[in-house]
Amino acid sequence: DSGVTQTPKHLITATGQRVTLRCSPRSGDLSVYWYQQSLDQGLQFLIQYYNGEERAKGNILERFSAQQFPDLHSELNLSSLELGDSALYFCASRRTPGANVLTFGAGSRLTVL
Amino acid sequence: LAKTTQPISMDSYEGQEVNITCSHNNIATNDYITWYQQFPSQGPRFIIQGYKTKVTNEVASLFIPADRKSSTLSLPRVSLSDTAVYYCLVGDGGATNKLIFGTGTLLAVQP
């Protein structure tokens, strides 16, 4: 157990639907990162939050949005889902500035049918 | 942001030492070099981090030359369970930091 909790572990839904993925960072970690990993692909950086504020954006689609709440948990919202959105979505947290040590969760596997 | 370049894949045999090199020609003064390991369908796991010269921990060593434009992850005496994708990551560790992973190196260890 890495200390980063992601729910749900698996999710199957249909095209056009909306889903929410949840992440609880490791205790004490202020930064949360979201990554998407499609089958046999690398990790695509989506977005980063630090202590409730958006700090960096990557290749995140307009159909996707995220936020980090006061208790530091984060949610990634995916809407108008397409087949190509099927992927593993990872959340990672980082303790403090000054280190690039990310702790990843087990991921949420999204299947869009 | 410093871009990283790694070999797509490497093959090895059990018991051998494996060295995976990462190029990061435009690394900045404040950037650290971090390596991760990822097994299929699992999140990446931190292996080792360094800034310059050599760093060693219980699982790997990291060699960084004086110009810091490359780094080499060394895995001693690999086993079948070391078969995984290895990523190097370069960044300054600031509060605002796009930590972008490269394509990684798929290490296949054979008996």
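Please refer to the structure placed before this passage.
We now turn to the structure provided with this report. (Residues numbered from 1 in each chain as written. Chains lettered and ligands numbered in written order. Predicted model: local features only at pLDDT ≥ 70, side-chain atom pairs only at ≥ 80, totals over all residues. Heavy atoms only, no water.)

**Let's talk about the pattern of salt bridges**
Residues and elements named next belong to chain A.
Okay, so step 1: Tallied over the entire structure, the rule returns 5 salt bridges over all chains.
Okay, so step 2: One salt bridge connects Arg22 with Glu75, and the closest N-O pair in it is separated by 3.9 Å. In this pair, Arg22 sits in strand S3 (residues 19-24) while Glu75 sits in strand S8 (residues 74-78), placing the two residues 53 residues apart along the sequence.
Okay, so step 3: On the basis of relative accessible area, Arg22 is assigned to the partly exposed category, the value being 34%.
Okay, so step 4: When the shortest N-O distance is used, the salt bridge between Arg26 and Asp29 registers 3.1 Å. (Salt bridge = Lys/Arg side-chain N within 4 Å of Asp/Glu carboxyl O. Helix = DSSP H or I, 4+ residues; strand = E, 2+ residues; numbered from the N terminus. Buried < 20%, exposed > 50% of the residue type's maximum accessible area, 1.4 Å probe, protein only.)

**Digging into unusual backbone geometry**
What is expected of a backbone is that most residues other than glycine have negative phi and most peptide bonds are trans.
Okay, so step 1: For the bond from A:Thr7 to A:Pro8, the omega torsion is -5°, close enough to zero to count as cis.
Okay, so step 2: Tracing the backbone shows A:Pro8 in the loop between strand S1 (5-7) and strand S2 (10-13).
Okay, so step 3: Positive phi, normally seen in glycine, also occurs at B:Ser41, with a value near 60°.
Okay, so step 4: Summarising the element assignment, B:Ser41 is placed in the loop between strand S3 (32-38) and strand S4 (45-50).
Okay, so step 5: Although it is not a glycine, B:Arg68 sits at a positive phi angle of roughly 60°.
Okay, so step 6: In this fold, B:Arg68 is placed in the loop between strand S6 (61-64) and strand S7 (70-75).

**Considering the sheet that holds S6(B)**
All names here are of chain B.
Okay, so step 1: In space, the 4 strands of this open sheet follow the order S2-S7-S6-S5, with antiparallel pairing throughout. Strand pairing shows two members of the sheet lacking a second neighbour, strand S2 (18-23) and strand S5 (53-56), which therefore form its edges. Strand-to-strand twist across the sheet, computed as the mean angle between neighbouring axes with direction ignored, equals 15°.
Okay, so step 2: Across 4 bridges, S5 lies against S6 in antiparallel orientation. Following the sheet pairing, Lys54 is matched in S6 by Phe63. (Pairing = 2+ DSSP bridges. Axes fitted to C-alpha atoms, helices over the stretch in contact; angles between N-to-C directions.)

**A closer look at the sheet that holds S8(A)**
Residues and elements named next belong to chain A.
Okay, so step 1: The 4 strands lie next to each other as S1-S3-S8-S7, forming an open sheet whose pairing is antiparallel. Where the open sheet ends on each side, the last strands, each with one partner, are S1 and strand S7 (64-68). Taken pair by pair, the neighbouring strands of this sheet meet at an average axis angle of 15°, ignoring direction.
Okay, so step 2: The pairing of S3 with S8 spans 5 bridges and is classified as antiparallel. What sits directly across from Thr20, in S8, is Asn77.

Purely geometric numbers; function is a separate question.
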